[in-house]
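# Survey of secondary and tertiary structure
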Amino acid sequence: VMAEAGAAGPRLAELLAAGRRLWEELEAGAEPSSGAPAVQDKVRQGLEALQRAAAMVAQLELFSENEELDEVASADLKFLLLPALLGALTLKQVDLSRRQQHLESARDHFLHFLKLCRSYGLGTFQLPPSAPGEEGAGSPPGAQPSLVAMAMSRNAKIERYKQKKELENKLASMKSFVESGKADEDQIREFYILQIQKWISTSLEELESIEQEMVILKSRDVARQAPAAPHGPSRPARAPVRPFILTRDAAQARVFGAGYPGLPTMTVDDWYEQRRRQGIVSGQSVPQRAPGVSDEELQKQQQEKKEEEDDEEALQKARNWDDWKDTHPRGYGNRQNMG
């Protein structure tokens with residue numbers, strides 16, 4: 001197997017170098033927009049190169065979860081980074097219609113990389129609880145983490161950030177020395193292991209971001225699929241109400257109607273009957289008709305009842321007011337504030 005790896009080594013190394021170079025150019029951010037055609041062309045080319053390299057690594061069986069780190073040749077260590085680079089480039093795709101698919105694919109790449117690193121003892125870390133096969137998987141999505149767990153997670157993030165910065169500083173100081181060809185095998189091995197450890201931190205960060213984005217996408221899909229909830233029973237459209245004078249009885253209707261010919265008059269009973277016909281109020285409080293009683297008889301009964309209830313003095317005042325209105329036009333006597 002190692003002989004085959006050596007024979008295919010230069011080609012495999014070229015594919016890895018090409019994919020990594022394209023990723024570094026994308027990270028430098030020369031283009032203003034991640035959706036620019038030039039950017040997406042680099043993403044596509046980088047993914048193609050890394051996918052070919054990953055297929056070759058799988059065919060050559062360079063890595064196994066059952067072997068020790070010492071069994072891996074120093075020159076082959078750099079190929080451990082392939083899944084992590086694939087995950088990073090997959091996230092740089094901008095096709096929104098396939099975003100969910102890209103997130104799941106990137107998550108699989110990062111998890112593959114982290115599990116392989118853990119099997120080789122490269123770093124001590126815990127995979128996210130949502131990772132398949134990990135403890136805590138399947139916990140309710142709405143479960144609230146405890147304060148202790150949150151504090152531990154925050155401390156772990158701070159520590160991870162510090163370690164990542166230290167690793168980047170070491171790598172920056174060693175890069176030119178290793179690339180010049182002057183480094184021995186132990187130095188090369190240390191350089192590759194530091195790169196792997198840096199990508200472990202990056203992968204853990206990206207997995208957290210992926211989980212958060214997937215929650216947002218899921219809630220957005222649920223909101224789009226849910227029918228609009230009614231805000232209550234629909235009410236029939238009401239016709240606009242014309243202004244009118246509401247009176248207690250027919251006698252007042254005659255009096256007020258004479259003084260305001262532009263406005264119609266309506267008694268309380270007429271108004272209530274009109275509202276009942278429109279369906280705005282129920283007819284339960286309307287006087288119930290006895291079986292066999294005609295409209296004329298019901299109206300006569302109601303009129304007799306009104307006349308009995310009307311106060312004689314109030315009726316007389318209404319009649320006197322009616323007579324006075326007949327002989328005095330509107331505005332009569334109001335001369336004090338004129339010119």
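What counts and how
Residues numbered from 1 in each chain as written. Predicted model: local features only at pLDDT ≥ 70, side-chain atom pairs only at ≥ 80, totals over all residues. Heavy atoms only, no water. UniProt positions renumbered as here; feature names shortened; annotations may be inferred. Phe/Tyr/Trp six-rings, centres within 6.5 Å; stacked < 30°, edge-to-face > 60°. Helix = DSSP H or I, 4+ residues; strand = E, 2+ residues; numbered from the N terminus. Buried < 20%, exposed > 50% of the residue type's maximum accessible area, 1.4 Å probe, protein only. Salt bridge = Lys/Arg side-chain N within 4 Å of Asp/Glu carboxyl O.

An unreviewed UniProt entry annotates the protein as IGBP1 protein of Tachuris rubrigastra. The UniProt entry for the protein carries this comment under Sequence similarities (unreviewed entry): "Belongs to the IGBP1/TAP42 family."

## Some details on the packing of aromatic side chains
Across all of its chains, the model carries three aromatic pairs by this definition. Centroid distance Phe-63 to Tyr-120: 6.5 Å. Interplanar angle 80 degrees. Geometry classified as edge-to-face. You can see Phe-63 sitting in the loop between α2 (37-60) and α3 (82-91) and its partner Tyr-120 sitting in the loop between α4 (99-119) and α5 (147-179), a full 57 residues away along the chain. When sorted by exposure, Phe-63 lands in the same class as Tyr-120, which is buried.

## Things to note about the environment of Ala-18
Note that Ala-18 resides in helix α1 (residues 2-28). Spatially, the C-alpha atom of Ala-18 lies 8.8 Å from that of Gln-45, the residues being 27 residues apart in sequence.

## Topic: the pattern of salt bridges
This model, assessed by the stated rule, comprises 11 salt bridges. Between Arg-21 and Glu-25 there is a salt bridge, and its shortest N-O distance comes to 3.4 Å. One end of the pair is Arg-21 and the other is Glu-25, both in helix α1 and four residues apart, which spans about a single turn. Given a relative accessible area of 43%, Arg-21 falls into the partly exposed group. The exposure class of Glu-25 is partly exposed, given its relative accessible area of 29%. Across the salt bridge formed by Glu-27 and Lys-92, the nearest N and O atoms sit 2.9 Å from each other. One end of the pair, Glu-27, is in helix α1; the other, Lys-92, is in the loop between α3 and α4, and 65 residues separate them in sequence. For Lys-92, a relative accessible area of 25% puts it in the partly exposed group.

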